[in-house]
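Okay, here's what each chain looks like letter by letter:
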Amino acid sequence: MSIRILHTADLHLGSRMSSLGQAAPDFQEALIQSFDRLLQEAEKRSIDLFLIAGDFLEVAEIQDRELNRVHDLLVRERSFPVLIAAGNHDPYSSASPYAALFSKIPRLYVFPSEAIVRLDFPELDTSVWGVSFGSLYQETTLLPDIGTEQATLRYDGSGFPVNDQKEEPLTNKIGLVHGELIAGSSAAGVYNSLPSQRIRENRLDYLALGHIHKASELPQGDRIDSRNTMALYPGSPQGLSFNEAGARQALIVELDNSEILSVSSLPSSSRMFIDLNTEINSSQSDQEIIDQIVAEVREIDPVDYRRHSYKIHLRGEAPSDLKVKRLESGLREEIGHVNLLDELRPAENIKELGEEQTLRGLFVRKMLAAAEESDNEDTEYDLQQALRLGLAAFRGEAIDDVY
Ligand SMILES: [Mn+2]
């Protein structure tokens, strides 16, 4: 029989993200919102199983009110079971919310850490093997597979009572675990290393992974190879920093009689981190620059462009007297959270200045030589900016935009 699962991981609900400064509360809320959205989408799309492959909660940082909020989302009426295999940020221990607050929620199951458990869903003709982290580190490999289970439970529509009958697993076979895929055959890491050799030998149909925040490349329709276990990371559904820029996703996996029919992406970010370069010239006014940037961000997201956090690199020729902080404030009115990076180069004829036998000429020669020697793009931009600020100082301008 055919089933549809939603696979997500690494939500890190409750993460404070304090490095975001003023944007932090909006992004803390975005974590909760993106999870809520996934639950609603799952309902809308008649998902059969909702899988969370670890780091669901940021246990060290989540506050009680947030925990209650997550609890309230999970007890809301829903038609599908939610299964969690805890990771290194939310290890399952007796002190965990999984053992206390969450343990009475119907249609929710958190895998234990001490043994691999198999859950049977007779109505879906599906078995799910899973295991949780029990502490911050997991040095030996935990890899769910057929036959690795130390207990079998059977879903009864609400709870998961133990089933002592030694029954064969059901047709669709899924694994759920947090860990780090590594090349080769030996495990060498502290976050549940999953050597690719062992994944190849695995006999499940689909292995739902978490831990790596960057999504795996998705197989295209006719390239699905049903001989091997398909093991994928969905990536974090809501970015936690500019390292997780752009749109994020959860995965929808369709299985039919032990075969994967399709894997598709379900957009999940409530707010995005967006890193972009904008090219300006020295004749542009502040309003022209603002209009240009607003047009660029509207192109990325015409509807919700005000919700995101932007890191915008100003490139090109610097207009004289440009006050970047002031420009940033103007942009904040239009597009919300924005950080402008001044990577402009001076508008002056640098070649000519560099030929002067003056202190300014010497400064220009030295800066240009340093830029020439550098093989790093970031350093080059820093040097350009230093050159421009230095020239402004030679002109006697106050330099108040340095940061
Ligand atoms: Mn992790």
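Here the structure is a predicted model, which means the values were calculated and not measured. (Residues numbered from 1 in each chain as written. Predicted model: local features only at pLDDT ≥ 70, side-chain atom pairs only at ≥ 80, totals over all residues.)

(A) Layout of the overall build of the chain. Across its full length, the chain holds eight helices and 17 strands. Its C-alpha atoms give the chain principal-axis dimensions of roughly 90 × 45 × 45 Å. Taken over 403 residues, the chain has a buried fraction of 39%. Sequence-distant contacts in the chain: of pairs separated by 6 or more residues, those separated by 24 or more amount to 71%. (Helix = DSSP H or I, 4+ residues; strand = E, 2+ residues; numbered from the N terminus. Buried ≥ 20, exposed ≤ 12 C-beta atoms within 10 Å, placed from the backbone. Contact = placed C-beta atoms within 7 Å.)

(B) Highlighting unusual backbone geometry. With a phi angle near 50°, Ser46 is a residue other than glycine that sits in the positive phi range. Mapped onto the fold, Ser46 is located in the loop between helix H1 (24-44) and strand E2 (49-52). The phi dihedral of Arg107 falls on the positive side, at around 60°, and the residue is not glycine. Topologically, Arg107 is positioned in the loop between strand E3 (82-84) and strand E4 (108-110). A residue is classified by how many C-beta atoms lie within 10 Å of it, and Arg107, with 19 of them, is partly exposed.

(C) Local environment of the domain arrangement of the chain. Domain annotation of the chain identifies domain 1 (2-267) and domain 2 (273-394). Computed over C-alpha atoms, the centres of domain 1 and domain 2 are 43 Å apart. Contacts between the two partners involve seven residues from domain 1 and, on the opposite side, six residues from domain 2. Grouping the constituent residues of the side of domain 1 that touches domain 2 by class yields three nonpolar, three polar and one charged. (Domains from an automatic or database assignment. Nonpolar A, V, L, I, M, F, W, Y, C, P; charged D, E, K, R; others polar.)

(D) Quick look at the sheet that holds strand E17 (residues 337-342). One open sheet holds the three strands; their spatial order is E15-E16-E17, and the pairing between them is parallel. In this open sheet, the two edge strands, each paired with only one partner strand, are strand E15 (273-280) and E17. Strand-to-strand twist across the sheet, computed as the mean angle between neighbouring axes with direction ignored, equals 25°. Sheet strands touched by helix H5 (residues 324-335): strand E16 (309-316) and E17. Its angle to E17, the strand with the most contacts, is close to 150°. (Pairing = 2+ DSSP bridges. Axes fitted to C-alpha atoms, helices over the stretch in contact; angles between N-to-C directions.)

(E) Just the sheet that holds strand E11 (residues 206-210), in detail. Taken in spatial order, the six strands line up as E7-E5-E6-E8-E11-E12 in an open sheet, and their pairing is mixed. Either end of the sheet is taken by a strand with one partner, and the two such strands are strand E7 (151-154) and strand E12 (230-232). Ignoring which end each strand starts from, the neighbouring axes of this sheet average 20° apart. Looking at chain direction, strand E5 (residues 117-121) and strand E6 (residues 126-130) are connected through five bridges and run antiparallel. Within E6, the residue paired with Leu119 across the bridge is Val128.

(F) Examining the nonpolar core more closely. Within the largest apolar cluster, 70 residues are counted, with the highest numbers of intra-cluster contacts made by Leu6, Leu51, Ala53, Leu83, Ile84, Leu176 and Leu209. Looking at this core element by element, the count peaks at six residues for H1. Sequence-distant contacts of Ile84, that is, excluding residues within four places in its chain, are made with Ile52, Phe56, Val110 and Phe111. Among the nonpolar cores identified, the runner-up in size contains 17 residues, and Tyr310, Ala318, Leu331 and Leu344 belong to it. (Core = buried A, V, L, I, M, F, W, Y, C linked by C-beta atoms within 7 Å.)

(G) Molecular detail of helix H4 (residues 286-300). Here H4 contains 15 residues, and its C-alpha end-to-end distance of 22 Å stays within 8% of the 21 Å for a straight helix at 1.5 Å per residue. Of all the residues in H4, the buried ones are Ile289, Ile293 and Val297. Viewed along the axis of H4, the buried residues span an arc of 60°, placing them on a single side of the element. When the buried face of H4 is taken as reference, the exposed residues oriented beyond 90 degrees from it are Gln287, Ala295 and Glu299. (Expected span 1.5 Å × (residues − 1). Arc of directions from axis to C-beta.)

(H) Inspection of the pairing of strand E13 (residues 249-256) at higher detail. In the sheet, strand E1 (residues 2-8) pairs with E13 via six bridges, with the strands oriented antiparallel. Directly across from Ile5, in E13, lies its bridge partner Val253. Bridge count between E13 and strand E14 (residues 259-267): eight bridges; the pairing is antiparallel. Paired with Glu254 across the strands is Ser262, a residue of E14. Between E13 and E14, which pair antiparallel and follow one another directly, the connecting turn spans two residues, one of which, Asn257, has a positive phi of 45°.

(I) Broad picture of the packing of H4 against H5. The N-to-C vectors of H4 and H5 enclose an angle of 40°; their axes lie 10 Å apart at closest approach. In this view, H4 runs oblique relative to H5, as classed from their interaxial angle. In the crossing of H4 with H5, the sense of the turn from one axis to the other is right-handed. Residues Asp286, Ile289, Ile290, Ile293, Val294 and Val297 of H4 lie in contact with H5, whose contacting residues are Leu327, Gly330, Leu331, Glu334 and Ile335. When the residues that make up the contact of H4 with H5 are grouped by side-chain class, the tally is eight nonpolar, one polar and two charged. (Parallel < 35°, antiparallel > 145°, perpendicular 65-115°, else oblique. Left-handed = near helix turned anticlockwise from the far one by under 90°.)

(J) Spatial organisation of the packing of helix H7 (residues 359-373) against helix H8 (residues 377-394). In contact at an axis separation of 9 Å, H7 and H8 are set at 175° when each is read in the N-to-C sense. When the axis of H7 is compared with that of H8, the two are roughly antiparallel. Each of Arg360, Phe363, Val364, Met367, Ala370 and Ala371 in H7 lies in contact with H8, whose residues at this interface are Glu380, Leu383, Gln384, Ala386, Leu387, Gly390 and Phe394. Here the contact of H7 with H8 is built from residues that sort into nine nonpolar, two polar and two charged.

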